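# Observations on chain architecture
Listed here are the chains, written in short residue letters.
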Amino acid sequence: MTDIPRRAVSRSARLAALPLGFAGRAALGLGKRVTGLASEVISQEVQQRTAEHLFSVLGQLKGGAMKLGQALSVFEAALPEELAGPYRAALTRLQEAAPPLPAATVHKVLTAQFGVGWRDLFADFDDSPAAAASVGQVHRAVWADGREVAVKVQYPGAGAALLADLKQLGRLAGLFRVVQPGLDVKPLVTELRARIVEELDYELEAEAQRTFAAAYADDEMIYVPPVIESAPQVLVTEWIDGTPMSRIIASGSEQERDLAGERLAVLHFSAPARAGLLHADPHPGNFRLLADGRLGVLDFGAVARMPGGLPEPIGRLTRLALAGDADGVLNGLRGEGFVKPDLEIDAAAILDYLLPMLEPLAVDEFRFTRSWLRGEATRIANPRSPAYALSRQLNLPPAYLLVHRVTLGSIGVLCQLQASARYRSIVQRWLPGFAGELPTAAAPAPA
């Protein structure tokens, strides 16, 4: 492989073959045509074979296909346990591995970005990639001054591949219900397409990483490696050693899992206030637990710019819901556009819908588990559930889409970790509106 398979016909053919492959396995395993991909008619064998095929193709294509696979991987914890097993290995492989580019292609990119004398920047450069991501791969090297560094090199043709993949994947959205029944990937694909330009510009990523590094300098919980050098398609940062979060999920001790989960929650809620940015790619491949207990954070290509911090209504309405103020919650949801102005809806039903989701914040300490997430996923995705019917009446305003998606992704990782922490106190410190006083009515104007 000299670069990402770029020809649209070739890439589309691989992706288009996915539903055909699934149909063949379904016919082999079930002896009949499967319609709607309902979870109750998909056998475990078909699930396993489909997952292996799906994520193998996504990983080989890299680009948008791999990025979507990584985004989906954090929701693995929501699958029923009897179906989750077949996916776990494939998803974990996708989080941190992909077929590598040959050294000659890597050298060509480095020459184009840093000039023919690029080797003078390094005392040593390892041609074998240490890690791979959706639009680039990382090499370990030693900078000229002796510092160990990570060199992220963008795949040639990444931009064209991303656009081609996401366009095709939007058409194949139904297939991904095999991975996560009830999951609609179309909004996720739309969001990923909207952020492509930023993710392909490593100068922008360098700027975001410098902002994060400054915000968390000397922090006791979070560590962001400093940027050493950057170009539009190459990013050089300090190398960090640590235990990958995927390994902690697979075999970490309870203490390690709890520590990683607490740090992840602190990052999610504190970054908008401290850095004015939200780390928007919370899959396990982007995190390391360092020897000193800090969470090492990688990959700042996907960030949300939030100069005012997290939206205050999120914290205020969460607090009102936990206090049982159904009318206050409904009025607030209407005001933010979650409930359309002309929609008649029962305030108590809204509260019943929200409170189970807010359980982690209703107690001083909470342990996220796969079973808890599966229960919530089933409650909301089951067409026979009252929560499902109510969810169809609610709207997700565009301003909240990214925060919602990143929060769900972070919760998915916490459930994979099965991490326990005092999440309520973290939210109380960092989420605007959660710890504040109830707003008071304005004083009447003097007569």
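Residues numbered from 1 in each chain as written. Predicted model: local features only at pLDDT ≥ 70, side-chain atom pairs only at ≥ 80, totals over all residues. Heavy atoms only, no water.

### Some thoughts on the confidence of the model for the protein chain
Put simply, the protein chain has an average pLDDT of 79, and 67% of its residues get 70 or more. Low pLDDT, under 50, characterises residues 437–447; the stretch is placed with four contacts to residues that sit more than four places away or in other chains. (pLDDT = per-residue confidence, 0-100. Contact = heavy atoms within 4.5 Å.)

### Side note on the environment of G337
When you line up the elements, G337 lands in the loop between α13 (326–336) and α14 (347–354). Residue classification places G337 among the partly exposed residues on the basis of a relative accessible area of 24%. Taking C-alpha positions, G337 is 9.5 Å from P398, a pair spaced 61 residues apart along the chain. Non-local contacts of G337, meaning those with residues more than four positions away in its chain, are made with N395 and P397. (Helix = DSSP H or I, 4+ residues; strand = E, 2+ residues; numbered from the N terminus. Buried < 20%, exposed > 50% of the residue type's maximum accessible area, 1.4 Å probe, protein only.)

### Here's the deal with the pattern of salt bridges
In total, this model carries 12 salt bridges according to the counting rule given. We note a salt bridge from D299 to K152, for which the minimum N-O separation is 3.6 Å. Of this pair, D299 sits in the loop between β10 (295–297) and β11 (303–305) while K152 sits in strand β3 (residues 148–154), placing them 147 residues apart in sequence. The shortest N-O distance in the salt bridge between R316 and E312 comes to 2.9 Å. Of this pair, R316 and E312 are both found in helix α12 (residues 312–322), four residues apart, which corresponds to roughly one turn of the helix. One connected set of salt bridges, linked through shared partners, spans R140, E148 and D241. (Salt bridge = Lys/Arg side-chain N within 4 Å of Asp/Glu carboxyl O.)

### Here's the deal with the sheet that holds strand β4 (residues 222–223)
With respect to topology, four strands assemble into an open sheet ordered β4-β10-β9-β7, the strand pairing being mixed. In the strand order of this sheet, the two ends are held by β4 and β7 (243–244), each with one partner. For β4 and β10, the ladder comprises two bridges, and the chain directions are parallel. Directly across from I222, in β10, lies its bridge partner L295. Lying on the sheet, helix α11 (residues 254–274) is in contact with β4, β9 (287–289) and β10; it crosses β9 at an angle near 135 degrees. (Pairing = 2+ DSSP bridges. Axes fitted to C-alpha atoms, helices over the stretch in contact; angles between N-to-C directions.)

### Comments concerning the pairing of strand β6 (residues 234–238)
Of all five residues that make up β6, four are buried, and the element is covered over most of its length. Bridge count between β3 and β6: five bridges; the pairing is antiparallel. Opposite V149, over in β6, you have E238 as the bridge partner. Pairing analysis gives four bridges linking strand β5 (residues 227–231) to β6, with the strands arranged antiparallel. Residue pairing across strands places E229 opposite V236, the latter belonging to β6. Linking β5 back to β6 in an antiparallel pair, the connection comprises two residues.

### Considering the sheet that holds strand β2 (residues 136–143)
As summarised here, the arrangement of the five strands in space is β1-β2-β3-β6-β5, forming an open sheet in which the pairing is antiparallel. In this open sheet, the two strands that pair with only one neighbour each are β1 (122–132) and β5. Adjacent strand axes in the sheet meet at a mean angle of 20 degrees when their direction is disregarded. For β1 and β2, the ladder comprises six bridges, and the chain directions are antiparallel. Across the sheet, residue A132 finds its bridge partner in β2, namely Q137.

### Considering helix α19 (residues 423–430)
By the burial criterion, the buried members of α19 are Y423, I426, V427 and W430. In a view along the axis of α19, the buried residues occupy a sector of 95 degrees, so they form one face of it. The inward-facing, buried residues of α19 abut α11, α15 (359–362), β12 (366–367), α18 (398–417) and β13 (420–421). (Arc of directions from axis to C-beta.)

### A few points about the packing of α11 against α19
Packing of α11 against α19 leaves a shortest axis separation of 9 Å and a crossing angle of 10 degrees. In terms of orientation, α11 lies roughly parallel with respect to α19. Here G261, E262, A265, V266, F269, S270, A273 and R274 of α11 lie close against α19, whose contacting residues are Y423, I426, V427 and W430. Its residues placed into classes, the contact of α11 with α19 shows eight nonpolar, two polar and two charged. (Parallel < 35°, antiparallel > 145°, perpendicular 65-115°, else oblique. Nonpolar A, V, L, I, M, F, W, Y, C, P; charged D, E, K, R; others polar.)

### Section: the nonpolar core
Grouped together as the largest cluster of nonpolar side chains are 51 residues, with contacts concentrated most on F212, M245, L267, V297, L417 and Y423. With residues near it in sequence (within four places) discarded, Y423 still touches G261, E262, A265, P360, L361, D364, F366, F368 and L414. In this structure, F125, V151, Y202 and I228 belong to the second largest nonpolar core, which totals 25 residues. (Core = buried A, V, L, I, M, F, W, Y, C linked by side-chain atoms within 4.5 Å.)

### Points about the packing of aromatic side chains
Geometrically, a pair of aromatic rings is defined through the distance of the ring centres and the angle of the planes. Under the definition given, this model contains 11 aromatic pairs. Consider the rings of F212 and F300, whose centres lie 4.8 Å apart with planes at 45 degrees: the pair is tilted. Of this pair, F212 sits in helix α9 (residues 202–215) while F300 sits in the loop between β10 and β11, and the two are 88 residues apart along the sequence. Across the pair, F300 and F212 agree in class, each one buried. Ring plane angle 75 degrees and centroid distance 5.0 Å describe the contact between F368 and Y423, whose orientation is recorded as edge-to-face. (Phe/Tyr/Trp six-rings, centres within 6.5 Å; stacked < 30°, edge-to-face > 60°.)

### Let's talk about the environment of L330
Within the secondary structure, L330 is located in helix α13. Considering only alpha carbons, one finds L330 and L317, 13 residues apart in sequence, at a separation of 8.9 Å. In contact with L330, not counting residues within four places along its chain, are V339, I345, A347 and I350.

### Remarks on the side chain of H268
You can see H268 is positioned in helix α11. Excluding anything up to four places from it in sequence, H268 contacts L278, L310, V406, T407 and S410.

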